[in-house]
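# Chains, contacts and geometry: an overview
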Amino acid sequence: PGGAEELRPFSRFPASCWRLLIREQLDAWLGYALLAPGLPPLVLFAAHLPSKLQADPHDQLQTASLLSQDVSRMEAQVGHSRSLVVGDLNANPFEPSVAGAGGLHGVMTRDVAAREVRQIRRRDYAMFYNPMWGG
């Protein structure tokens, strides 16, 4: 439900398990609440961020920052932080838009992500585990 022109998610879970939370205005991402039987509630974001041909590194960082803000807002709305971001981020795992605290803040190990936040200048930044660091 709620697919966009550029993003059309498909799932084995029935449509009744999905609730569209947010559709980014340029269809760069969709955010869903997944309430599937036998699984804990999950927030899933399907994203297709701008390519390096269409955006410079600063624009890519700003776009990732907006996605990160939407993830945080949707987590607050649903009352948990079990979120998954999937798709084509058009960036390497170590680039600022993915790894930087101002972007998605994807970190290389589960142990680091288990700390949940990193503080910079007395501000907390949530972290994601990014399995793409490994290969």
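Heads up: the structure comes first, above all this text.
Fair warning: this is a prediction, and the values are worked out from it, not measured in the lab.

## Notes on empty space enclosed by the protein
The final tally for this structure, using the stated rule, is 1 cavity of 30 Å³ or more. In this structure, the largest cavity spans a volume of roughly 40 Å³. Every residue along the wall of the largest cavity is listed here: Leu 49, Pro 50, Gln 60, Ala 64, Leu 89, Ser 97, Val 98 and Leu 104. When grouped by side-chain class, the residues that make up the lining of the largest cavity number 6 nonpolar, 2 polar and no charged.

## Points about the packing of aromatic side chains
Under the definition given, this model contains 2 aromatic pairs. Their ring planes at 80° and their centres at 5.6 Å tell us that Trp 18 and Tyr 32 sit as a pair that is edge-to-face. Residue Trp 18 is found in strand β1 (residues 18-23), and its partner Tyr 32 is found in strand β2 (residues 29-34); the two are separated by 14 residues along the sequence. Using a relative accessible area of 3% as the deciding quantity, one classes Tyr 32 as buried. An aromatic cluster is present here, built from Phe 13, Trp 18 and Tyr 32 joined pairwise through their rings.

## Let's talk about the pairing of strand β4 (residues 83-88)
The pairing of strand β3 (residues 42-48) with β4 spans 6 bridges and is parallel. The residue bridging Ala 47 from the neighbouring strand is Gly 87, located in β4. As for the winding sense of the linkage, the β-α-β connection from β3 through helix α1 (residues 57-78) to β4 is right-handed.

## Remarks on α1
The terminal C-alpha atoms of α1, which comprises 22 residues, lie 32 Å apart, in line with the 32 Å expected from a rise of 1.5 Å per residue. When α1 is considered as a whole, its buried residues turn out to be Gln 60, Thr 63, Ala 64, Ser 65, Leu 67, Ser 68, Asp 70, Val 71, Met 74 and Glu 75. In this structure, the buried residues of α1 make contact with β1, β2, β3, β4, α2 (96-99) and β8 (128-129). The N-capping residue of α1, defined by a side-chain oxygen 2.9 Å from the backbone nitrogen of His 58, is Asp 56.

Calculation rules
Residues numbered from 1 in each chain as written. Predicted model: local features only at pLDDT ≥ 70, side-chain atom pairs only at ≥ 80, totals over all residues. Heavy atoms only, no water. 1 Å grid on protein atoms, 1.4 Å probe; cavity = no way out; pocket = protein on both sides within 12 Å on 5 of 7 lines; lining within 4 Å. Points joined across faces, edges and corners; volume = space filled by probe spheres on them. Nonpolar A, V, L, I, M, F, W, Y, C, P; charged D, E, K, R; others polar. Phe/Tyr/Trp six-rings, centres within 6.5 Å; stacked < 30°, edge-to-face > 60°. Helix = DSSP H or I, 4+ residues; strand = E, 2+ residues; numbered from the N terminus. Buried < 20%, exposed > 50% of the residue type's maximum accessible area, 1.4 Å probe, protein only. Pairing = 2+ DSSP bridges. Right-handed = clockwise from strand over helix to strand, strands pointing away. Expected span 1.5 Å × (residues − 1). Contact = heavy atoms within 4.5 Å. Polar contact = N/O pair within 3.5 Å; in protein donor to acceptor, adjacent residues only side chain to side chain.

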